[in-house]
Amino acid sequence: MDLTVQPRIEEASTLPASFYKDPEMFSQVRERVFARSWQFIGDTDDVKVPGAVRPFTLLEGFLDEPMVVTRDMDDRLHLLSNVCTHRGMQVAEGCGNERYLRCRYHGRRFGLDGRFQHMPEFEGVCGFPSPADDLSRPAFASWEKLLFAGVAPANSFEETYGPIIDRLGWLPLNEFVYRPERARDYTVRANWALYVDNYLEGFHIPFIHASLNETLDYGNYHSELFHRCNLQLAHGKGAENTFDLPSSSPDYGKPISAYYYWIFPNTMLNFYPWGLSVNVLRPLGPDLTKVSFLPYVWKEDKLDRGAGSDLDRVEREDEAVVELVQRGVRSRFYDRGRFSPTRELGVWHFHRLLSEFLSP
């Protein structure tokens, strides 16, 4: 499969239609793209006190990597592989408060920092214990209360998220509160990358999202590209329902309605005057994707207003279009399309990154 995407958008074509439907390519994406990326895994409210333990599966149904977040007795956070170094049993099976981690299969015990502590019936084993008997420590990073993990990220967290933190570091993320009653999961009958394609351009807004188009100034809607992420900066048609920006912000004085950040390959951080909607895509098959909307509320009085209102409707409008595109790329008459240099910079950037990660 030829995944070449030209370095000038004016000369480039999209990835081939076969990318969105080939099972072998779907498998390659798992290891060569997602296993080399940073993933959002929640926040520190889940592990507030010393002894807190929270096991989870990284991108369940796709990467399926068992991990556990702990806070040790010295109040330090750790991310550990949740797989015992003896025989592969999961060490932590539920959230709770513990002084150590103990595998219930054969009794091997670890500290909350992952270090091996004790194993019964192992007297006389040569070279035991060794560092290989500690729990593995996957890549782990935080931005204030938000937590991120990776199996083997191709880039550092700073390289990946630095442009976002530099732009929006003034936001008091520790004051943002996760609101599970407002969270939503959507099952989209389409390839995960088609969903990303759709997210990364405002080109379709006047045609698909009538209510959102009434709020945004489409003429000033534009994309900014960074190394492993990009931004769609949305201006409002007036000052109402926009950010109260500090003078230190490069956007000070502008009526910004939303910062739509996409982080390669499958995470979206959508900042609105009311707070943050984290969107995480979980590929389940070549033509099946689970999309999770995870809301963090900062200013309750700004909810359900402006660009950040009625997100369910916008999602359903996007879902309907993306599913139709999935049907379209199955056509024998479609292979590649061209990019609008003014409106599809983000999609081109995404395809360039996929080409980089997947080409021999």
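Given the structure is predicted, the values throughout are model-derived calculations rather than measurements. (Residues numbered from 1 in each chain as written. Predicted model: local features only at pLDDT ≥ 70, side-chain atom pairs only at ≥ 80, totals over all residues. Heavy atoms only, no water.)

Some words on empty space enclosed by the protein
Tallied over the full model, the rule gives 3 cavities of 30 Å³ or more. Computed from the structure, the largest cavity encloses a volume of approximately 310 Å³. As for the largest cavity, its lining consists of 22 residues, and the residues nearest its centre are Y199, L212, Y260, V314 and D318. Broken down by element, the lining of the largest cavity gets its largest block of residues, 4 residues, from helix α6 (residues 311-329). Split by residue class, the lining of the largest cavity holds 11 nonpolar, 8 polar and 3 charged. Reported here for the second largest cavity is a volume of approximately 70 Å³. For the second largest cavity, the full set of lining residues is R36, S37, W38, P153, A154, N155, T160, R228, F264 and F357. (1 Å grid on protein atoms, 1.4 Å probe; cavity = no way out; pocket = protein on both sides within 12 Å on 5 of 7 lines; lining within 4 Å. Points joined across faces, edges and corners; volume = space filled by probe spheres on them. Helix = DSSP H or I, 4+ residues; strand = E, 2+ residues; numbered from the N terminus. Nonpolar A, V, L, I, M, F, W, Y, C, P; charged D, E, K, R; others polar.)

Quick notes on the domain arrangement of the protein
Domains assigned within the protein are domain 1 (9-36 + 157-358) and domain 2 (39-150). Spacing between the C-alpha centres of domain 1 and domain 2 amounts to 32 Å. Listed by partner, the interface residues are 32 residues for domain 1 and 16 residues for domain 2. Summing both sides of the interface, domain 1 and domain 2 together bury roughly 2,000 Å²; the carbon and sulfur share of this comes to 68%. Interface area lost by domain 1 to domain 2 is led by F157, L173 and Y296, which between them contribute 27%. At the junction of domain 1 and domain 2, the tally comes to 0 salt bridges. Across the domain 1-domain 2 interface, the total number found is 8 residue pairs in polar contact (both at pLDDT 80 or more). Of all the secondary structure elements, the ones that give two or more residues to the side of domain 1 that touches domain 2 are α1 (23-32), α2 (157-168), β11 (177-178), β16 (267-272), β17 (275-285) and β18 (288-297). (Domains from an automatic or database assignment. Contact = heavy atoms within 4.5 Å. Buried area = accessible area lost by both parts, 1.4 Å probe. Salt bridge = Lys/Arg side-chain N within 4 Å of Asp/Glu carboxyl O. Polar contact = N/O pair within 3.5 Å; in protein donor to acceptor, adjacent residues only side chain to side chain.)

Topic: the sheet that holds strand β7 (residues 109-110)
The sheet built from 3 strands is open, its strands ordered β6-β7-β8 with antiparallel pairing. The outermost strands of the open sheet, each flanked by one partner alone, are β6 (101-102) and β8 (116-118). Looking at chain direction, β6 and β7 are connected through 2 bridges and run antiparallel. By the bridge assignment, R102 is partnered in β7 with R109. (Pairing = 2+ DSSP bridges.)

Let's talk about the nonpolar core
Core analysis: the biggest nonpolar cluster contains 96 residues, and F19, W143, Y259 and F271 have the highest contact counts within it. Each of domain 1 (9-36 + 157-358) and domain 2 (39-150) accounts for three or more of the residues forming this core. In this structure W143 touches F148, F157, I164, I165, L168, L173, L269 and F271, once residues within four positions along its chain are discounted. (Core = buried A, V, L, I, M, F, W, Y, C linked by side-chain atoms within 4.5 Å. Buried < 20%, exposed > 50% of the residue type's maximum accessible area, 1.4 Å probe, protein only.)

A word on the environment of F19
With respect to the element layout, F19 can be found in the segment before α1. Owing to a relative accessible area of 3%, F19 belongs among the buried residues under this scheme. Here the alpha-carbon distance between F19 and A193, two residues 174 residues apart in the chain, equals 9.0 Å. If sequence neighbours within four positions are ignored, F19 has contacts with M1, L3, M25, V29, N191, A193, L354 and L358.

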